[in-house]
Amino acid sequence: MHVTALEWGITIAVILGLFVFDFFAHVRTPHEPTFRESAFWSAVYISLALAFGGFVAWRWGSTFGGEYYAGFVTEKALSVDNLFVFLIIMTTFAVPRIYQQKVLLIGIVLALAMRGAFIAVGAAAISAFSWVFYLFGAFLIYTAVKLLRESGHEVEAEEKRDSRIVALAKRVLPTTDEYDGDKLVTRVDGRWAVTPLLLALLAIGFADLLFALDSIPAIYGLTEEPYLVFTANAFALMGLRQLYFLIGGLLDRLVYLSYGLAAILAFIGVKLVLHALHENTLPFVNGGEHVSVPEISTPVSLGVIIGVLVVATVASLIKTRGTAPQDAR
């Protein structure tokens, strides 16, 4: 797959332009989005993501189009799980609903920037060392096990992490417990002080960093093309703010989502290990020769990912049937 510098430049400019539009059209003036607004713009961004996959298939072929769709679905699923953590952070810091959009949008932009850096490092490592797939695969399997162990205790784990971030911030920065509109810093008794809004943003930024450690190896298990990795991540993050307000009250009903994501990460981890064996150059594995093992195709990967997500979602809704969704305030 050959992507020209011009195509890279246009893609990045369009993605940044969409974020700028989102800020000035929806976030600049603090307000709580309505269900109708959130639903409309969520549909718009998902439609853009699906249409871009069609463009990839037209421009570079159906194989790369399939890889993009598999990556996008995986990253979108992981992003929904991220929303649960964002919800905990917003609750912990008691961020007023009308200011949550600003925190989310800035956090999403930070997430894209950090993922861009990880994508570049990952691409360089893969290009230079084929054995990196062993590391990616092992890390994803470890993450899947960790996700299973923490299932049902996400709130406690996130609250503990947030308290550490706040304690560290208060040791090095002057802080205030009072909000001052949507300001990140304010003046208290003539001195600059950090508001709880900035502390919430720091917590989301740190969570984004942890999410990137999981998501980038996962998508590299579905495609080795940095362009597809970047665009799948970008389109998965777009509309995440609207999705937060759209399904925020339903997140607590997705009780089996973490199990589904653990299964997906483990599946991709195994896929990466098989690929590493197929491309093996390590001298202590099969004498440095390639190992004849079956490889999992992109259509199979996409089918497994979608199937697991459907089962996890349906099972969650059946399990919590009759449970009133809690308000995400």
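Up top you'll find the structure we're talking about.
Predicted, not measured: the structure shown is a model, and the values here were computed from it. (Residues numbered from 1 in each chain as written. Predicted model: local features only at pLDDT ≥ 70, side-chain atom pairs only at ≥ 80, totals over all residues. Heavy atoms only, no water.)

Caption draft 1: Representation of helix α7 (residues 196-220) in the model. Between its terminal C-alpha atoms α7 stretches 36 Å, which fits the 36 Å expected from 25 residues at 1.5 Å a residue. Of all the bends in α7, the largest measures some 25° and sits at Ala212. Counting buried positions over the 25 residues of α7 gives 19, a clear majority of the element. (Helix = DSSP H or I, 4+ residues; strand = E, 2+ residues; numbered from the N terminus. Expected span 1.5 Å × (residues − 1). Bend = angle between axes of the 7 residues up to and from the residue. Buried < 20%, exposed > 50% of the residue type's maximum accessible area, 1.4 Å probe, protein only.)

Caption draft 2: Fine view of the pairing of strand β2 (residues 191-194). Strand direction decides the pairing type here: strand β1 (residues 185-188) and β2, joined by four bridges, are antiparallel. Within β2, the residue paired with Val185 across the bridge is Val194. From the end of β1 to the start of β2, which pair antiparallel, there are two residues, and Asp189 there has a positive phi angle of about 55°. (Pairing = 2+ DSSP bridges.)

Caption draft 3: How the structure looks around the packing of aromatic side chains. Using the criterion set out here, one finds 18 aromatic pairs in the structure. Between Phe55 and Trp58, the ring centres sit 5.9 Å apart and the planes meet at 40°, which makes this aromatic pair tilted. Placement of both Phe55 and Trp58 in helix α2 (residues 35-60) is noted, with a separation of three residues, approximately one turn of the helix. Take Phe55: its relative accessible area is 34%, and that puts it in the partly exposed class. (Phe/Tyr/Trp six-rings, centres within 6.5 Å; stacked < 30°, edge-to-face > 60°.)

Caption draft 4: Representation of the environment of Val103. Residue position: Val103 is located in helix α4 (residues 97-128). Given a relative accessible area of 2%, Val103 falls into the buried group. Val103 sits 141 residues away from Tyr244 along the chain, and the two C-alpha atoms are 12 Å apart. Beyond its immediate sequence surroundings of up to four residues, Val103 is in contact with Met90, Leu197, Ala200, Leu201 and Ile204. (Contact = heavy atoms within 4.5 Å.)

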